[in-house]
Amino acid sequence: MAAEDGFQFRALFALGRGRPGDLELAPGDLLTVGPGLRQAEGYREGAECTPASLGWLSGVKESTGERGDFPGTYVEYVGRVKTDTPAQMPRPQRPLPPTPPAHTHLGDTKTETRGSYQIPPWPSPMTPPVIVVKLVEAIERRGLDSEMLYRTNNPRGEADHEITEAELDHTNIQALSQGLMGYLQELPSPIMPLAVFPQLKAALLEETGASAEASEPCDLMKVLESCGVPLHNLQTLQYLLGHLERVCQHAQHNGLDTHTLSRIFGPLLLRVPLSGLDEDKQVPAQVLERLLKERRWEEEQAPPALPPKPSKAAHMPSVTNGDSKLAEAEWYWGDISREEVNGKMRDMPDGTFLVRDASSKVQGEYTLTLRKGGNNRLIKIYKRGGRYGFSEPLTFSSVVELIQYYHHESLAQYNSKLDTRLLYPVSKYQQDLLVKEDTIDAVGEQLRAYHEQYQEKSREYDSLYEEYTRTSQELQMKRTAIEAFNETIRIFEEQFETQERCSREYMDKLSRDGDDQEVQRLQSNCEKLQWRVTEIHESKQKLEQDLQQQAQENRQTDRKMNSLKPDLMQLRKIRDQYLLWLTQKGTKQKKINEWLGIRNDTENSSVAELVCEEEEEEEEEEDVGHLDERSWYLGDLKRAQAEELLKGRANGTFLIRDSQTQKGAYACSVVVDGEVKHCVIFRTASGFGFAEPYNLHGSLKDLVLHYKHNSLVQHNEALNITLAWPVLSQTHTNT
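The structure presented is a predicted model; accordingly, all values stated were derived computationally and were not measured.

A word on the sheet that holds strand E8 (residues 352–357). Ordered by their spatial adjacency, five strands build an open sheet running E11-E10-E9-E8-E12, and the pairing between neighbours is mixed. Of all the strands in the sheet, the pair left with one neighbour each is strand E11 (387–389) and strand E12 (424–425). Pairing geometry for strand E10 (residues 375–384) and E11, over three bridges, is antiparallel. Bridge assignment links Tyr382 to a residue of E11, and that residue is Gly389. Sitting on the sheet, helix H10 (residues 338–345) is in contact with E8, strand E9 (366–372) and E10, with an inclination near 165° to E8.

Right under this line is the structure:
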C-alpha cells in the first residue's frame, strides 16, 4: 500500500486503558492517525490543529506499534506524516474525558531539533514553551535598543549549532532574534492555527465594512477564544504580544514600531492557507497589528487551571445574594478605565486590590487588579453557568465569595507567582480618609502594625542595599582584573610569537649542526610559554563568566530594591496619617512612643531629631543643583543641539529634554565615557521612568534625584553612569 499523508499527535498527559481497544498513554507518546480522518464526521479543514474538537481518535502508538483509540483532549497536533495506516470505519463517538489540570501534566519528554534550533515540547498546556521564555528574556535583557533586533531575512539563521540555554547570555542579539523567529517558523502548526484564518479574515472585513457606521471594533482575541484555539496557544500568543509591545516602546532606538513588527511577526504567528488569495497575504500582519492595539494580553492572560478548593472552603459562611451585594462592596469600582485604576493603585503595598468591570464589556465578567512585586497584576474573573472563578473549574457562587476566599487564602494556589492574599481593598467610600478606626486605642494598635511593617520592609531594603553596594564594588574590581588580563595576554602572545619565529630559525640551524639537546630545550620553552598563555586565557574566561553571573544577580537585587520602594513610600504615608490623627486628638507623645516601640528619653530623641535635620540639610546642599529644574531641563531641545551642548563635558553631565519622536515622553542625554548617549523617559500612569517596572517616580525631579545616586546600568549595561552634573549647574568644573 502506498504511503499517504496522515496526522501525527503527541500525548500531553498520562492515560490508563479505560476499556478494551483503548491506548495507554504516557506524556510524549507519538500517535499516528491515518488519512481516513478527513472522512470522519464533523471534520473540517484544519480541525486536526484542535484535536479536542474531533472527539475520540483511532490511531497507532509509534513506540509499540499498538493500534487503538485515544481522546483528543489528551493530545496536541504535531504535523503531517507519511503513513500506510488504513482508514477506519465510521463509529459512534463516546463522551470525552476533560483535559486534566496543569498539575497532572508530566511532560518530561525529550527535546527535539528542527533545522538549527532546539525545539522542546510544550512543558505544559498552560504556559509558553520554555525556549520561547528564555529567548525573550535574553533579548529583553540585552537588545531592546539594538538596531539589529529582528533585522534578518533568514529566520532559521546561519549557525549550524543549537542555541542552548547556557549560550543565551553569550549570543549576540541578531542570533537571538533568529532563534526566536526560527522557532516560530519551524513549528508544525502556527500559534494561531490555520483553522481560524477564515474567521479572523471575516472579522477584519466586517470591521472595514462597518467603519462608516462607527461601530465598535471586533475583539480579535474573543474570535480566537470562540474558535477553540488551544489554551497553551493563547497563553503563548499573549506572552509574545507583551514582548512585542515592550519592543515597540523602544522604537526610537530600534526602529520597530507596531506596523513594522506586525509585518515581521504576523506571518510567523498566522500562516496564509496554500489556497489563499493574493489579498490574504496581508491578513497576518493586519491581525497582529490589531491584537497589539487591543492590548488584551495585559488583562486577560489565561491562567493556570485552578486546583480543587481545599475542604475547609466548605466551612466558610455562605454568601447569599452575592451578586446583589457586589455593587455595595467597597472594593468594586464598576466601569472605570485601566488608567484610573493605575492612579488609585500607585505606590500601594503588595496585597492591595480592587475589582472593576472587564474591558470586554461582557456582562458577568470582571477584572481583579492586584498589587504584587511593585506592579499591578490584572486577573480576569470569568462567569459560566452561574459560577465564577479565574479558570476552570469555576467554583464560586459570586464575586463576593471569591474575594472573601482569597482574603484568607493565598493566590499561589491559582498561580505560584502570586504568593499573596487580597489584604488591602482600595475603598471607593474612603479614598480621602486613610484612618478608618474610630477609637484612639484602635488607631494606636493599627499604627503599631503599620510601623512594624514599615520597619520590616526597611530592614529588607537596607540588607538588599548593602548587598548591592558590596557586589557593585566586586564587579568593578573584576572588570579591572579583566582589563589586566587582556594586557597580560597581549604581552605573552607577542612574546610567544617572537620566540616562535626566532626559535624556528635557530632550531633549523641547530638541527643541521646535530645539537638535539638544545633543540629539545627550545621546544620545551615554547611549550611552557604556550601553556602559560592558554592558562591565562582560561582564567580570564572563568572570570568573565563569574562577572556575568554576578552582574545578573546584582540586577535582580536592584529590581527587588525598586519593587520595595512603593511599599515603603505607601507604608510611611499611612503611618504618618495615623500619627497626625493621634496628634490632632491630643494623644500624649509617651503613649505614641509606646505604640512605635520607642524607649529613648525626650532629650535623646531631640538630639537624634537635630542630627537628622542637620544630615538632611547637608544632603539638600549636595542636591541643590539637581533640585533646580532650570539647571537640567531644556524643553524643546533637538538631539543634535543636546550633543553640541554636552560636547567635551565631564562624564555624568546630563540634561533632560522633550522627546522628538514620542509625544508626551522625555529624553535624557548624558555623557558616558566621553560620548553623548540618549535614552527615553516614559511618562505613565504610575510615574516617570526608563522602563517598567521602574516607572514609579512622581516627577522628573524625583527621577533625577534618584539617578544622582543610582547608576543607569540597571537599564542598559552600556550606561554605567549616574546623573552627576546638571549641564547648566555652576557647582562643578568640567574636565
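With respect to the helices and strands, the residue Lys380 is situated in strand E10. Judged by relative accessible area, Lys380 falls into the buried class, the value being 3%. A polar contact of 2.9 Å, which involves the side chain of Lys380, links it to the side chain of Glu365.

Every α-helix winds through 3.6 residues per turn, so residues three or four apart in the chain are directed the same way. Taken together, the buried positions of helix H7 (residues 258–269) are Leu261, Ser262, Phe265, Gly266, Leu268 and Leu269. Seen end-on, H7 carries its buried residues on one side only, within an arc spanning 160°.

Moving on, we get to the packing of aromatic side chains. All chains considered together, the criterion is met by 14 aromatic pairs. Aromatic side chains Trp331 and Phe353 sit 6.4 Å apart centroid to centroid with 45° between the ring planes, which places their arrangement in the tilted category. Taken together, the positions of Trp331 in the loop between helix H9 (322–326) and H10 and Phe353 in strand E8 put the pair 22 residues apart, joining distant regions of the chain. By relative accessible area, which is 9% here, Trp331 ends up buried. Residues Phe390 and Tyr414 carry aromatic rings whose centres are separated by 4.8 Å and whose planes lie at 50° to one another, so their mutual orientation is tilted. Separated by 24 residues along the polypeptide, Phe390 in the loop between E11 and helix H11 (399–408) and Tyr414 in the loop between H11 and E12 bring together distant segments of the chain. One exposure class covers both Phe390 and Tyr414, and it is buried. Each residue in the set Phe390, Phe396, Tyr405, Tyr406 and Tyr414 is aromatic and connected to the rest through ring pairs, giving one cluster. In this structure, Arg575 packs its charged tip against the face of Tyr454, placed 4.6 Å from the ring centre.

The rules we used
- Residues numbered from 1 in each chain as written.
- Predicted model: local features only at pLDDT ≥ 70, side-chain atom pairs only at ≥ 80, totals over all residues.
- Heavy atoms only, no water.
- Pairing = 2+ DSSP bridges.
- Helix = DSSP H or I, 4+ residues; strand = E, 2+ residues; numbered from the N terminus.
- Contact = heavy atoms within 4.5 Å.
- Axes fitted to C-alpha atoms, helices over the stretch in contact; angles between N-to-C directions.
- Buried < 20%, exposed > 50% of the residue type's maximum accessible area, 1.4 Å probe, protein only.
- Polar contact = N/O pair within 3.5 Å; in protein donor to acceptor, adjacent residues only side chain to side chain.
- Arc of directions from axis to C-beta.
- Phe/Tyr/Trp six-rings, centres within 6.5 Å; stacked < 30°, edge-to-face > 60°.
- Lys NZ or Arg CZ within 6 Å of the ring centre and 35° of its normal.

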